[in-house]
Amino acid sequence: MYPAAMNAAVAAAAAGRHPGPQPGQPFKFTVAESCDRMKEEFNFLQAQYHSIKMEADKLVQEKSEMQRHYVMYYEMSYGLNVEMHKQTEIGKRLNAILAQIMPFLSQE
């Protein structure tokens, strides 16, 4: 999310947890109430941070696993390509040998 959207989401969540004064009631905050609200907001943000950090760590782990698989498949592909070229060369050499021997063989 963008920072402005994140701030709006936090403000909306805070408003949901801390309803404002009702019409006709005075708007009073004591220092203890303000501290409690700040503590609740801090705990809420800390919990969000922790869950996002856990998700990021999980994604980093998945990324490294995917990179490991990519390297493994790349190495296998390279090995198969080399083996295919070897087998092609063997086939060409055998074909050349057969082409040299064929004239000396009887018609049977």
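This one's a predicted model, so the numbers in the text were calculated from it and none came from an experiment.

A. Layout of the overall build of the protein chain. Helix and strand counts for the protein chain stand at two helices and zero strands. Looking at the protein chain residue by residue over its 108 residues, the buried ones come to 4%. For the protein chain, the accessible surface area stands at approximately 10,000 Å², while carbon and sulfur atoms represent 65% of it.

B. Representation of a nonpolar patch on the surface in the model. Taken together, Ile 90, Leu 94, Ile 97, Leu 98, Ile 101, Met 102 and Leu 105 make up a surface patch of nonpolar side chains, about 660 Å² in accessible area. Relative to the elements of secondary structure, Ile 101 occurs in helix H2 (residues 31-101).

Analysis parameters
- Just so you know, the residues in each chain are numbered from 1, in the order the chain's sequence is written.
- Selection of residues for local features in this predicted model requires a pLDDT of at least 70, selection of side-chain atom pairs for listing and counting requires 80 or more, and totals for whole chains, interfaces and linings are taken over all residues.
- Water and hydrogen atoms play no part in the side-chain values, which are based on all heavy atoms of the structure.
- By definition, any uninterrupted DSSP run of H or I lasting at least four residues is a helix, any uninterrupted run of E lasting at least two residues is a strand, and each is numbered from the N terminus.
- The classification of residues rests on relative accessible area computed with a 1.4 Å probe and restricted to protein chains. Under 20% of the type maximum is buried, over 50% is exposed, and intermediate values are partly exposed.
- To be clear on the numbers: accessible area is Shrake-Rupley with a 1.4 Å probe, and residue cover counts the displayed protein chains and nothing else.
- Excluding any residue in a salt bridge, patches collect residues exceeding 30% relative accessible area, merging like charges within 9 Å and nonpolar Val, Leu, Ile, Met, Phe, Trp and Tyr side chains within 5 Å.
- The rule for a salt bridge is simple: a side-chain nitrogen of Lys or Arg has to be within 4 Å of a carboxyl oxygen of Asp or Glu.

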